[in-house]
Amino acid sequence: MTTAPEQNSPSRYLQQAVGLATDNVDRGGGPFGAVVVTADGRVFEGVNRVTLDNDPTAHAEVVAIRAAAAGTANFNLQGAVLYASCEPCPLCLASALWARIDRVYFAADRHGAAAAGFDDALFYEYFDGSRTDLMPVTRGDLPASDAPFKAWGANTERTEY
């Protein structure tokens, strides 16, 4: 016998994320869904829109984070929790870090995603330093490279983040 998840338990929102992911497949999107619950309890959803929007950054977690930031009118989502239908990839983890998300829960793991054709193992290898050949990143020698930072420091009306 299974019981319904508690109102604010991780299972509730993980089930919501999995449901979003499954429904998204029926609408032509990727099999990923995410939910952001802000500190004040507001819920924002996102689904994978990579192929629908031709946007390689439109992962479900990123879409949910964008919705939460827009909905709260704040790029700082401190106190929020991200629930994802699948283990977040490095892009999504970095987005959650930049958004100051407090915690992440996920349902399926990256191995299940790989078995379904969504293998991001190379990206993890790139970030751990074992596959730097995947995309070389080189610093160019430009004397004025610090000009934007000087402008930022001089701007007394800047919004810190």
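Small disclaimer: the values here were computed from a predicted structure and weren't measured.

So, how was this worked out
Residues numbered from 1 in each chain as written. Predicted model: local features only at pLDDT ≥ 70, side-chain atom pairs only at ≥ 80, totals over all residues. Heavy atoms only, no water. Helix = DSSP H or I, 4+ residues; strand = E, 2+ residues; numbered from the N terminus. Buried < 20%, exposed > 50% of the residue type's maximum accessible area, 1.4 Å probe, protein only. Contact = heavy atoms within 4.5 Å. Areas by Shrake-Rupley, 256 points an atom, 1.4 Å probe, with all protein chains shown as cover. Lys, Arg positive; Asp, Glu negative; His and termini not counted. Charge placed at Lys NZ, Arg CZ, Asp CG, Glu CD. 1 Å grid on protein atoms, 1.4 Å probe; cavity = no way out; pocket = protein on both sides within 12 Å on 5 of 7 lines; lining within 4 Å. Points joined across faces, edges and corners; volume = space filled by probe spheres on them. Nonpolar A, V, L, I, M, F, W, Y, C, P; charged D, E, K, R; others polar. Pairing = 2+ DSSP bridges. Axes fitted to C-alpha atoms, helices over the stretch in contact; angles between N-to-C directions. Salt bridge = Lys/Arg side-chain N within 4 Å of Asp/Glu carboxyl O. Phe/Tyr/Trp six-rings, centres within 6.5 Å; stacked < 30°, edge-to-face > 60°. Lys NZ or Arg CZ within 6 Å of the ring centre and 35° of its normal. Core = buried A, V, L, I, M, F, W, Y, C linked by side-chain atoms within 4.5 Å.

1. Side note on the overall build of the protein chain
Point 1. Along its length, the protein chain carries seven helices and four strands.
Point 2. Seen in sequence order, the protein chain has helices and strands lined up from the N terminus as α-β-β-α-α-β-α-β-α-α-α.
Point 3. Projected onto its principal axes, the C-alpha coordinates of the protein chain cover approximately 65 × 40 × 25 Å.
Point 4. Per-residue burial for the protein chain yields a buried fraction of 32% across its 161 residues.
Point 5. Once local pairs closer than 6 in sequence are excluded, the contacts in the protein chain between residues at least 24 apart make up 46%.
Point 6. Working note: accessible area of the protein chain is about 10300 Å², and carbon and sulfur atoms make up 56% of it.
Point 7. Of the side-chain charges in the protein chain, 12 are positive and 20 negative, and the distance between the mean point of each set is 5 Å.

2. Things to note about the layout of surface pockets
Point 1. Considering only enclosed or pocket space, the largest pocket measures out at about 600 Å³ in volume.
Point 2. Around the largest pocket, the lining comprises 26 residues; the ones closest to its centre are H59, C89, L91, D120 and F123.
Point 3. Elements with a contribution of two residues or more to the lining of the largest pocket: α2 (50-53), α3 (60-72), α4 (90-98), α5 (110-115) and α6 (121-127).
Point 4. Element by element, the count of residues in the lining of the largest pocket is highest for α6, at three residues.
Point 5. Across the lining of the largest pocket, the residue classes break down as 16 nonpolar, five polar and five charged.

3. With respect to the sheet that holds strand β1 (residues 33-37)
Point 1. On the basis of which strands lie adjacent, the open sheet formed by four strands has the order β2-β1-β3-β4 and mixed pairing. Pairing within the sheet leaves two strands with one partner each, and these edge strands are β2 (43-47) and β4 (103-108). Direction aside, the axes of adjacent strands within the sheet are offset by 15° on average.
Point 2. Relative to β4, strand β3 (residues 81-86) runs parallel, the two being bridged by five bridges. Bridge pairing in β4 links A84 to F106.

4. Some remarks on the pattern of salt bridges
Point 1. In the structure shown here, the tally under the stated rule is seven salt bridges.
Point 2. A salt bridge links R158 to E160; the shortest N-O distance between them is 2.6 Å.
Point 3. A residue is classified by how much of its surface remains accessible, and R158, at 28% relative accessible area, is partly exposed.

5. Things to note about the packing of aromatic side chains
Point 1. Applying the stated rule across the entire model yields seven aromatic pairs.
Point 2. With a centroid separation of 5.0 Å and an interplanar angle of 35°, the aromatic rings of Y13 and Y83 are classed as tilted. Of the two residues, Y13 sits in helix α1 (residues 10-26) while Y83 sits in strand β3, which places them 70 residues apart along the sequence. Of the two residues, Y13 and Y83, neither departs from the other in class, the shared state being buried.
Point 3. Ring centres of W152 and Y161 lie 6.1 Å apart, and the angle between their planes is 80°; on these two criteria the pair is classed as edge-to-face.
Point 4. Ring pairing ties together the aromatic residues F75, W98, W152 and Y161, which thus form one cluster.
Point 5. The side chain of R110 reaches across the aromatic face of Y124, ending 3.7 Å from its centre.

6. Some thoughts on the nonpolar core
Point 1. Counting 16 residues, the largest nonpolar core has V36, I65, L77, L82 and I101 as its most contacted members.
Point 2. Elements with a minimum of two residues in this core: β1, α3 and β3.
Point 3. Among the elements that make up this core, the one with the highest residue count is α3 (four residues).
Point 4. Residues in contact with I101, not counting those within four places in the same chain, are V36, L77, A80, V81, L82 and A96.

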